[in-house]
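# Understanding the architecture of this molecule
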Amino acid sequence: MARQKQFEYEGHYVDRTSKYRIKQTVLRVVYHLFTFVLAIVMLYPIIWMVFSSLKPTTEIFKTAAQLILPGQTTFENYVNGFRGFAGTSFSVFFKNSFIISALSTIGAVISSAVVAYGFARMNFKGKGFWFSCMLVAMMLPFQIIMIPQYLLFNTLGWVGTYLPLILPQWFGQGFLIFLNVQFIRGIPYDLDEAAMIDGCSVYGIFLRIIIPLIVPSLVTSAIFSFMWRWDDFMSALIFLNKPITYPVAYALKLFADPSASSDYGAMFAMSTLSLIPIFTIFLTMQRYLVEGIASTGIKG
Amino acid sequence: MKEKKVRERRHRTIGNQNVPGYLFIAPFIIGFSCFTIIPMLMSLYYSFTQYDIYNPPQWIGVQNYITMFTSDALFKKVFGVTFRYVIFAVPLRLAMALMIAMLLLRNTKLSGFYRAAYYLPSVIGASVAVALLWRRMWSKDGVVNLLMQAVGINSTVPWLGQESTAIWTLIILAVWQFGSSMLIFLSGLKQIPVALYESATIDGANGPQRFFKITLPMLTPTIFFNLINQLISGFMAFTQSYIITQGKPRNSTLFYAYYMYQNSFQFSKMGYGCALAWIMVLFVGLLTFVLFRTQKLWVYYETE
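Residues numbered from 1 in each chain as written. Chains lettered and ligands numbered in written order. Predicted model: local features only at pLDDT ≥ 70, side-chain atom pairs only at ≥ 80, totals over all residues. Heavy atoms only, no water.

### Thoughts on the state of the cysteines
- One pass over the structure, following the stated rule, counts zero disulfides over all chains.
- The structure places no disulfide on C133 of chain A, whose sulfur is separated from the nearest cysteine sulfur, that of C34 of chain B, by 14 Å.
- Accessibility expressed as a relative area gives 11% for C133 of chain A, which makes it buried.
- For the unlinked cysteine C274 of chain B, the closest cysteine sulfur is that of C34 of chain B, found at 18 Å.
- Overall, C274 of chain B belongs to the buried group, its relative accessible area being 1%. (Disulfide = S-S within 2.5 Å. Buried < 20%, exposed > 50% of the residue type's maximum accessible area, 1.4 Å probe, protein only.)

### So, a nonpolar patch on the surface
- Nonpolar side chains collect at one region of the surface, where I99, L103, I106, I110 and W170 of chain A lie side by side and expose about 430 Å² of accessible area between them.
- You can call I106 of chain A partly exposed: its relative accessible area is 44%. (Patch = residues over 30% accessible without salt bridge, like charges linked within 9 Å, V, L, I, M, F, W, Y side chains within 5 Å. Areas by Shrake-Rupley, 256 points an atom, 1.4 Å probe, with all protein chains shown as cover. Salt bridge = Lys/Arg side-chain N within 4 Å of Asp/Glu carboxyl O.)

### Regarding the interface of chain B and chain A
- The interface is formed by 91 residues belonging to chain B together with 88 residues belonging to chain A.
- For chain B, the biggest contributors to the area lost against chain A are F24, F28 and F35 of chain B; these three give 10% of the whole.
- Counting every contact that joins chain B to chain A gives zero salt bridges.
- For the pair chain B and chain A, the interface holds 13 residue pairs in polar contact (both at pLDDT 80 or more).
- It is helix α2 (residues 18–46) of chain B that provides the largest number of residues to the side of chain B that touches chain A, a total of 21 residues.
- Per-class residue counts for the side of chain B that touches chain A are 64 nonpolar, 20 polar and seven charged. (Contact = heavy atoms within 4.5 Å. Buried area = accessible area lost by both parts, 1.4 Å probe. Polar contact = N/O pair within 3.5 Å; in protein donor to acceptor, adjacent residues only side chain to side chain. Helix = DSSP H or I, 4+ residues; strand = E, 2+ residues; numbered from the N terminus. Nonpolar A, V, L, I, M, F, W, Y, C, P; charged D, E, K, R; others polar.)

### Some points on the pattern of salt bridges
Residues and elements named next belong to chain B.
- With the rule as written, the count across this model stands at four salt bridges over all chains.
- As a salt-bridge pair, E163 and K77 come within 3.8 Å of each other at their nearest N and O atoms. Here E163 is found in helix α8 (residues 163–176), whereas its partner K77 is found in helix α4 (residues 73–103), with 86 residues between them in sequence.
- Under the relative-accessibility criterion, K77 is labelled partly exposed at 32%.
- A network of salt bridges, in which partner residues are shared, links K77, E163 and R250.

### Observations concerning the domain arrangement of chain A
All names here are of chain A.
- Considered domain by domain, chain A is made up of domain 1 (2–79) and domain 2 (86–296).
- For domain 1 and domain 2, the distance between their C-alpha centres works out to 34 Å.
- Taking both partners together, domain 1 and domain 2 bury about 840 Å²; carbon and sulfur atoms supply 80% of that area.
- Three residues stand out in domain 1 for area buried against domain 2, namely M49, N77 and Y78, and they jointly supply 54% of the buried area on that side.
- Here domain 1 and domain 2 share zero salt bridges between them.
- Taken together, domain 1 and domain 2 are joined by zero residue pairs in polar contact (both at pLDDT 80 or more).
- When residues of the side of domain 1 that touches domain 2 are traced back to their parent elements, those giving at least two are α2 (18–52) and α3 (76–82).
- The element that contributes the greatest number of residues to the side of domain 1 that touches domain 2 is α2, accounting for four residues. (Domains from an automatic or database assignment.)

Put into structure tokens, the structure is as follows:
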């Protein structure tokens, strides 16, 4: 009875014949078959890389069409890769990446929340103008300003240090400001007013009311920022010049240099390792990422 | 109406907040001025000079721009290559994202897995690791050819080695990363009122009709915003060209941003690099402007 009702409700003719049910089952199987196979095709390059990193490096291309070589699974690529380049081990590159990503993220999250509160809650002259500037900053690609930024930081003597990579992040990051503005606008204004009547200043409202309420969007900001900084290799390419200061993203590129011996096993092993932090964040924090993308409508 | 009332009330209770307002957005104003506006102005100045970093810049007027359009054959080539990449990669990626988003609208036990699987490539896609992997996958003895041989196609195509195919490996890499656009479409699709589809079905509309008359028009604001964002980042694509192909073969994959980088940092022609950057700013700015003007022809905004 319940089933029949459901069919009527969905606007279908009541048809409980076995033919109808078979058709539905076939449709469902075809749907899952198609979606599942396509998902595997999408993931295949990554799966292939991970499995290749576990093969002896001489076998990787001879047996590329095969995922697992029975009895030949080895971790030697990880050992070889971890030795790194020119006496600098990969642990140094990982440490550098963590320092850069963490310091940038802390700054970006704090400053973006502060700026977002100003845009979302304050009435001041010229707000529209600065908000448009923020949108421009969000859209403007780094590639456009990298040359003059290099010249600027070169004049200041900062090239070769982490300052050019970290400091700009401490002044608000366009996308994260936008994300937080959207979130703060969703908080009822009555809360601010109630606090104000109780004698709370705008700064107090920000610290005691807004901050605790926007924790989800702060987490989302932190995730995005960390992932972007972790993957960012352009600024390292331009602003850093000593191997001992390189982050993982840039160190991986050294595997591709013509002068480097082509140890593809080691390259895949280190590539796999470099994706682990991103992958872990993705698996554990997927909900925040999806919400962040959906609520701003902008790429992630 | 309600919004206006709230605003009036706010003005009465709080009045003007110029001081705290500017204090809160001060970090942005300082950062934007120091790291964007000043560099942009510097770049504008350098674009009229000959500058190799080691010697002071020499004013040469619009010579860089004249060189670009008259005697630099590579400039035209590079622009064409980048344009071709964008014109294929962006629409293909958006179409793919929309298709998969519609596929994933169906709620099943595996929905979570599917969403994660399709989204993952765009999370890690920008990394150097994936670029290196891509380079190996499409080489002559790479996994793509071997897989084709495994299913019986005798393929020994050097995908990265010939002009006709090299750019396509980069386009495929871009399309592969449709995940975040897909999520945006997915949330856009969920916001379309079911009632619209119901009444259309009662009026006898079939699947394609519902798609072209309801789904697509309702999604145009989302598509529009994504299009602009991806056009900008597409024209500035760098990593793919730099790591996977190094612009080879015969500059057929030399992207504009990579050419800018080469001029500034490898050939020490900072002035010329800045001029290239400004031409791209003007071009993308113009494109965005034109797209905004065409908005009312095809973007549908619900009037409240």
